[in-house]
Amino acid sequence: MKFAVMGGTGRIGSQVVKKLKAAGHEAVPHSLSTGVDIITGQGLDEAVAGVDVVVNLTNSPTFDDASPAFFQTSMDNLLAACRKGGVGHVVILSIVGVDHVPGLDYYRAKVLQENILKAASIPYSIVRATQFMEFMDSVLAMTTEGDTVRLPPTPIQPIAAQDVSDAVAEVAAGTPLNGILNVAGPDVFPLDELGRITLDARPDGRTVVTDDTAGMFAAAHGDVLTAKGDARIAPTHYADWLS
């Protein structure tokens, strides 16, 4: 099969390209660095012409109220190009529980992206993943004040980027779901505890203080960011990833 991977030079995209190629497919990465601009539309028609599957892993450069405009424009442009090119399957990556955190601009923007894809006349698949293990350092940095990190006890089920890439590549090479696959790591932690585990393994002088109001994840109530029901549970444990 022939794949066009938008955002194919990024953390997830580059791994998806590698996995698809290893499985014997033709997978071409596309990004600004390769001359494809999903916002202006430059190079899009050529990138998707004649491909079987488009995997869209592009992401908004900001997480604020500008993010909905990014996903609206990028999806409109991409889907128009896919229709012209006869693409038979479009895959996007989203977030477990994304539709249950209305207090975050970025999460509302990702819901918008999902809804645009669902409403299109092209078979589709949505892979929703829990929070990446690789993002933990950024989460700690966002709420650091001096030597103190403030984190809420929001339940988190971290997943390794490698496991996310496996799921995306598998779904992309399969029959369109016309629905959602949820994937998650094997363990659930309160975010403040996960911060302490991280700093215990890589001490840098900071300590974690529990604060129900700190950071973006304070907007997630209950266990909405953890997997439910028939979610696929990935194999990599956080302790193994840390080591």
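Quick note: structure is the one above.
Heads up: these notes are all about the structure in this document. (Residues numbered from 1 in each chain as written. Predicted model: local features only at pLDDT ≥ 70, side-chain atom pairs only at ≥ 80, totals over all residues. Heavy atoms only, no water.)

On to the sheet that holds strand β6 (residues 144-145). Pairing in this open sheet of 3 strands is mixed, and the strands run β6-β7-β11 from one edge to the other. At either margin of the open sheet sits one strand with a lone partner, and together these are β6 and β11 (207-210). For strand β7 (residues 148-151) and β11, the ladder comprises 4 bridges, and the chain directions are parallel. Within β11, the position partnered with Arg 150 by the bridge is Val 209. Across the face of the sheet, helix α7 (residues 191-201) comes into contact with β7 and β11 while running at roughly 170° to β11. (Pairing = 2+ DSSP bridges. Helix = DSSP H or I, 4+ residues; strand = E, 2+ residues; numbered from the N terminus. Contact = heavy atoms within 4.5 Å. Axes fitted to C-alpha atoms, helices over the stretch in contact; angles between N-to-C directions.)

Among the nonpolar cores identified, the biggest contains 52 residues, and Met 6, Val 48, Val 54 and Tyr 107 are the most heavily contacted of them. With sequence-adjacent residues up to four places away left out, Val 54 is seen in contact with Ala 4, Met 6, Val 48, Leu 78, Cys 82, Val 87, His 89, Val 90 and Val 91. Judged by nonpolar contacts, the second largest core, of 26 residues, contains Val 17, Ala 129, Ala 167 and Val 183. (Core = buried A, V, L, I, M, F, W, Y, C linked by side-chain atoms within 4.5 Å. Buried < 20%, exposed > 50% of the residue type's maximum accessible area, 1.4 Å probe, protein only.)

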